[in-house]
Amino acid sequence: MVQALQYFFSGITVGSVYAIVAIGFNIIYSATGVLNFAQGEFVMLGGMVAITLASFLPVPVAVAVAVAIVTLFGCGLELVFFRRLRSHSILHMIIITIGLSIVIQELALHVWDEKVRSLPYFTGNEASSVKLLGAALSPQVIWVLGTAAIVVALLQLFYKRTLYGRAMRACSSNPEAAMLVGINTGNMRTAAFGLSAGLGALAGCVISPISMTHYEMGPGLAIKGFAAAVLGGLGNPMAAVVGGLMVGLIEAFSVSVIPSAFKDVAAFAILLAMLFLRPHGLFGRPSGVSVREV
Amino acid sequence: MKEKLMCSIKVAAAACVIGLTGLTANGAESRTIKIGAIFSQTGPASFLGAPEAKTVQMLADQLNAKGGILGRKVEVIIKDSGGSPEKAVSFAKQLIDEERVLAIIGPSTSGETMQIKPLCEENKMILVSCAAAETIVNPLAKYVFKTPQKDSQAVTWIYNTMKDMGISKIAVLSGNDGFGMAGKKQLEDLASAHSIQIVVNEVYDKGATDLTDILTKVKGTPGVQAVVNWSIVPAQSIIAKNMKQIGLNIPLFQSHGFGNLKYVEQAGVAAEGILFPAGRLLVVDELPDNHPQKQVLAAYKRDYETRFKENVSTFGGHAYDAFMVVIEGVKKARSTDRDKVRDAIEQLKGFVGTAGVFNYSPTDHTGLGLDAFEMLTVKNGKFAIYKK
């Protein structure tokens, strides 16, 4: 029982990071129709910038400033690349995101270096351990879970309750109508990129003490996050949370029955099965209402 | 990247020199002695490749400042493989066919080395690998040498230490790269001879960032007395942290791949008490003055640390040994004829390197004995010799 709980915590820790990346995918996808494969790079940049700032600022300030910088960076990407390339097909823009992912990694390699680095633990240190319902875990795990939960709750409020959030949703469900009622869809797309980048950066900061930050960490996270987004159903940020946690839990529990070398296989096998049985994901609507045609 | 630029400038300069002298000299032999190097300066194995590349560049500069060898300067052409065997293969081809180097140093990882081993053998190209896996020199290839200690020797040290501590049931974790796979095989093969029982045996991805799931499995298996981790990737630090975090308080043994203080820094206090076999470079200050390696180690440590402002690692040491072995070979052969140099390297005896005292022979292309290792531990964030 304690053993199962231990696997459970291990699963939801990685799962909640996948979930935040998947939310990032969804925010940009629903606002622009683009699948942003540079999503993992936002996580990496968040961690890297925070680590650099933490050398002369207190950690909470460093994290806040890093999130702000990466948010601006995300907005900048939209303004420089995607706004100008609006007339190109969605497929072109997806390829551009893959190119951007490579460029950002190379830049990070030059700005920082090839070394692995990490933020200090928010509470305690590398060896501290807390008992929760009999399972032992790092206090940082609680930080990760708490942050993910707060992000999800705030995002839900933003989308449902605020004018800005509603406008963003309007852009995704019907861009023409949104434009007709006076919503600046261009700015909404920029904001979506910024929001997505900021969330990624925050995730990058809270996981940095656990999984460490490295210029190459992005693509791996992007693939898992994408899997989580597809599993939940593209275009629905809350479904992404379920998708992310599921991918994390499947990975963790699969280790208890099969050799750990195959845990990625387990996660992707379930993803494939899902695509055969419910191509629109767990919570997506069939017939592709939320899927825009190219 | 500055090094790369410098390299290409040097290549360009060398090309000019060759072009000019070609008119007067016979042109058949270039003025500089070219030595190729393939290191994973970036990528998951950059902990190995970066210090290796720096070391080789530093040694070449030092040698050239003293006038080179046989009256000729040495030019090192360093290629960054990023840890990818495919890139290593194409760089090896480039170094063999286009640059026509005297010898190739590296690659950093066992997986890459195994990919270019047949290529070098076929082209009669001297390869002095900085990777550790036993399979590099066993089966023996005529032109392939290596400088790190053997896996089997590291395993023997670990199992002997376990016997002293009364440990018999262990968990083996390894990375899914060439080094991890080779080490796993040695751990499995030698276990019964040392009456060690492997009760958990897991492989993880070389890019893994969280290993609590595997360690949970270890924790849930009754009777496990110690964990052996075999990899070269940052997972070495992650395992140490995760073990403490989930409350798995049993001894952790690592391979000789742990010999970079960076790993200790990454694991912080969780690294305390980790046991691993390694060469003496990391504990040079603890060595008595009359130790045969003391001088070489102290000089390398001082030069490297003043020039690059970072701690030495055993990996840079492997590159030191590889470069010096080639230079010693040239010195002994009094020629840059590749076959003569190869024969000279094979006959090298009593060469004092960072990993130990090398004695190559036609049947041994590692050249190091069991005494090249020392059991080390982590004490107050520093490496120290383990005392029972």
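What you see is a predicted model, and the numbers here were worked out from it, not measured in a lab. Here, residues in each chain are numbered from 1, in the same order as that chain's written sequence. Labels are handed out in written order, letters beginning with A for the chains and numbers beginning with 1 for the ligands. The model is predicted, so local features are restricted to residues of pLDDT at least 70 and side-chain atom pairs to those at 80 or more, both for listing and for counting; the totals for chains, interfaces and linings are taken over all residues. The side-chain numbers reported here are obtained from all heavy atoms of the structure, hydrogens and water having been left aside.

Caption draft 1: Spatial organisation of the overall build of chain A. For the purposes of this entry, the term helix denotes a DSSP run of H or I that reaches at least four residues, the term strand denotes a run of E that reaches at least two, and both are numbered from the N terminus. Along chain A, the regular secondary structure elements total 11 helices and two strands. In chain A, the succession of helices and strands from N to C terminus is α-α-α-α-β-β-α-α-α-α-α-α-α. Principal axes of the C-alpha set define a box for chain A whose edges measure 55 × 50 × 35 Å. Working rule for contacts: check all heavy atoms of both residues, and any pair within 4.5 Å makes them a contact. Summarising the internal contacts of chain A: among those between residues at least 6 apart in sequence, 75% fall at separations of at least 24. Averaging the coordinates of the 16 positive side-chain charges in chain A and doing the same for the 11 negative ones gives two points 14 Å apart. Positive charges come from Lys and Arg alone, negative charges from Asp and Glu alone, with His and the N- and C-terminal ends not counted. Taken as the charge centre is NZ of Lys, CZ of Arg, CG of Asp or CD of Glu, depending on the residue.

Caption draft 2: Local environment of the sheet that holds strand S5 (residues 144-146) of chain B. Residue and element names in this part refer to chain B. Should DSSP find at least two bridges between two strands, the strands are taken to pair. Read across the sheet, five strands follow the order S2-S1-S3-S4-S5 without closing on themselves; strand pairing throughout is parallel. Each end of this open sheet is capped by a strand with a single partner; those strands are strand S2 (74-80) and S5. On average, each strand axis in the sheet is tilted by 20° relative to the strand beside it, whichever way the strands run. Note that strand S1 (residues 33-39) and S2 share seven bridges and pair parallel. Across the sheet, Ala37 pairs through a bridge with Ile78, a residue of S2. Here the axes come from fitting lines to C-alpha atoms, over the contacting stretch only for helices, and the angles between their N-to-C directions go from 0 to 180 degrees.

Caption draft 3: Representation of the pattern of salt bridges. All names here are of chain B. The term salt bridge refers to a side-chain nitrogen of Lys or Arg lying within 4 Å of a carboxyl oxygen of Asp or Glu. Scanning the entire structure with this criterion turns up 21 salt bridges over all chains. Here Glu188 and Lys184 are joined by a salt bridge, their closest N and O atoms 3.3 Å apart. Here Glu188 and its partner Lys184 are both found in helix H6 (residues 178-191), four residues apart, which amounts to about one turn of the helix. Categorising residues by exposure relies on relative accessible area from a 1.4 Å probe, with only protein chains included: less than 20% of the type maximum marks a residue as buried, more than 50% marks it as exposed, and the intermediate range marks it as partly exposed. Here Lys184 falls in the buried class, since its relative accessible area comes to 19%. Between Lys387 and Glu286 there is a salt bridge whose closest N-O contact spans 3.6 Å. One end of the pair, Lys387, is in the segment after strand S14 (382-385); the other, Glu286, is in the loop between strand S10 (275-278) and helix H10 (294-308), and 101 residues separate them in sequence. Residue classification places Lys387 among the exposed residues on the basis of a relative accessible area of 62%.

Caption draft 4: Up close: the domain arrangement of chain B. All names here are of chain B. In this entry, domain limits derive from an automatic or database-based domain assignment. Here the domain parsing of chain B yields domain 1 (32-149 + 296-372) and domain 2 (151-278). On a C-alpha basis, the centres of domain 1 and domain 2 stand 28 Å from each other. The interface of domain 1 with domain 2 comprises 19 residues on the first partner and 21 residues on the second. For the pair domain 1 and domain 2, the summed buried surface comes to about 1,800 Å²; carbon and sulfur atoms form 59% of the total. The term buried area denotes the loss of accessible surface (1.4 Å probe radius) that occurs when two parts are joined, taken as the sum for both partners. It is Phe47, Glu134 and Leu370 in domain 1 that bury the most area against domain 2; as a group they hold 34% of the surface buried on that side.

Caption draft 5: Here's a closer look at helix H1 (residues 2-32) of chain A. All names here are of chain A. Helix span, as expected, comes to 1.5 Å for every residue beyond the first. Here H1 is 31 residues long and its end C-alpha atoms lie 44 Å apart, about the 45 Å a rise of 1.5 Å per residue gives. Counting buried positions along H1 yields 27 of 31 residues, so the element is predominantly enclosed. One or two steps after H1, the chain reaches Gly33, where phi turns positive at roughly 80°.

Caption draft 6: Structural context of the packing of helix H3 (residues 85-99) of chain B against helix H4 (residues 110-122) of chain B. Residues and elements named next belong to chain B. Where H3 contacts H4, the two axes come as close as 8 Å, and the packing angle between them is 35°. Like other packed secondary-structure pairs, H3 and H4 cross with a definite hand, here right-handed. Side by side, H3 and H4 meet where Pro85, Ala88, Val89, Ala92, Lys93 and Ile96 of the first sit next to Glu112, Gln115, Ile116 and Leu119 of the second. Gly counts as polar in this scheme, as do all residues outside two lists: the nonpolar Ala, Val, Leu, Ile, Met, Phe, Trp, Tyr, Cys and Pro, and the charged Asp, Glu, Lys and Arg. For the contact of H3 with H4, a count of residues per class yields seven nonpolar, one polar and two charged. Whether a crossing is left-handed or right-handed is set by the direction in which the near helix is turned from the far one by less than a right angle, anticlockwise for left-handed and clockwise for right-handed.

Caption draft 7: View of the side chain of Thr147(A). Residue placement: Thr147(A) occurs in helix H5 (residues 139-161). When residues no more than four places from it in sequence are discounted, the contact partners of Thr147(A) are Leu202(A) and Val206(A).

Caption draft 8: Representation of the nonpolar core. Nonpolar core, defined: a set of buried Ala, Val, Leu, Ile, Met, Phe, Trp, Tyr and Cys residues in which side-chain atoms within 4.5 Å join the residues together. Among the nonpolar cores identified, the biggest contains 84 residues, and Ile23(A), Ile27(A), Met44(A) and Leu199(A) are the most heavily contacted of them. Element by element, the count of residues in this core is highest for H1(A), at 15 residues. Those residues within four positions of Met44(A) in sequence are excluded, and the remaining contacts are Ile104(A), Gln105(A), Ala108(A), Thr213(A), His214(A), Tyr215(A) and Met217(A). Met212(A), Ile232(B), Met243(B) and Phe276(B) belong to the second-largest nonpolar core, a separate cluster that totals 64 residues.

Caption draft 9: Representation of the interface of chain A and chain B. Counting from both sides, the interface comprises 37 residues of chain A and, opposite them, 36 residues of chain B. Interface of chain A and chain B: buried area, both sides summed, is about 2,800 Å²; carbon and sulfur atoms make up 55% of it. For the chain A face of the interface with chain B, the top three residues by lost area are Glu114(A), Glu126(A) and Met212(A), together amounting to 19%. Run the count over chain A and chain B and you get two salt bridges.

Caption draft 10: Here's a closer look at unusual backbone geometry. Residue Gly106(B) is joined to Pro107(B) through a cis peptide bond whose omega torsion reads -10°. Mapped onto the secondary structure, Pro107(B) falls in the loop between strand S3 (103-105) and H4. In this chain, Asn138(B) is followed by Pro139(B) through a cis amide linkage whose omega measures 5°. Tracing the backbone shows Pro139(B) in the loop between strand S4 (126-129) and S5. At Met212(A), a residue that is not glycine, the phi angle is positive and equals roughly 70°.

Caption draft 11: Up close: the confidence of the model for chain A. Residue and element names in this part refer to chain A. Averaged over all residues, the pLDDT of chain A equals 87, while 97% of them reach at least 70. Of all helices and strands in chain A, the one with the weakest mean pLDDT is strand S1 (residues 130-132) (82), whereas helix H2 (residues 39-54) scores best (95). A residue's pLDDT is the confidence the predictor assigns to it, expressed on a 0 to 100 scale. Across residues 287-294 the pLDDT falls below 50, and counting only partners more than four positions away or on other chains, this stretch makes 13 contacts in the model.

Caption draft 12: Geometry of the packing of aromatic side chains. Residues and elements named next belong to chain A. Pairing of aromatic side chains here covers Phe, Tyr and the six-membered ring of Trp, requires ring centres within 6.5 Å, and sorts the geometry by plane angle: under 30 degrees stacked, over 60 edge-to-face, intermediate tilted. Scanning the model with the defined rule gives 20 aromatic pairs over all chains in all. The interplanar angle of 50° and the centroid separation of 5.6 Å between the aromatic rings of Phe25 and Phe226 together place this pair among those described as tilted. A residue pair is termed long-range when its members are at least 10 positions apart, and Phe25 in helix H1 and Phe226 in helix H9 (residues 217-232) qualify at 201 residues. Assessed through its relative accessible area of 24%, Phe226 is described here as partly exposed.

Caption draft 13: Fine view of the packing of helix H10 (residues 237-257) of chain A against helix H11 (residues 263-277) of chain A. All names here are of chain A. Running from amino to carboxyl end, H10 crosses H11 at an angle of 135°, the nearest separation of the two axes being 8 Å. Comparing the axis directions of H10 and H11 gives the class oblique. In this structure, H10 crosses over H11, and the sense of that crossing is right-handed. Residue-level inspection shows Val247, Ile250, Glu251, Ser254 and Val255 of H10 in contact with H11, the latter providing Lys263, Asp264, Ala266, Ala267 and Ile270. Of the residues belonging to the contact of H10 with H11, the class tally is six nonpolar, one polar and three charged. Throughout this description, any angle smaller than 35 degrees is read as roughly parallel, any larger than 145 degrees as roughly antiparallel, any in the 65 to 115 degree range as roughly perpendicular, and the remainder as oblique.

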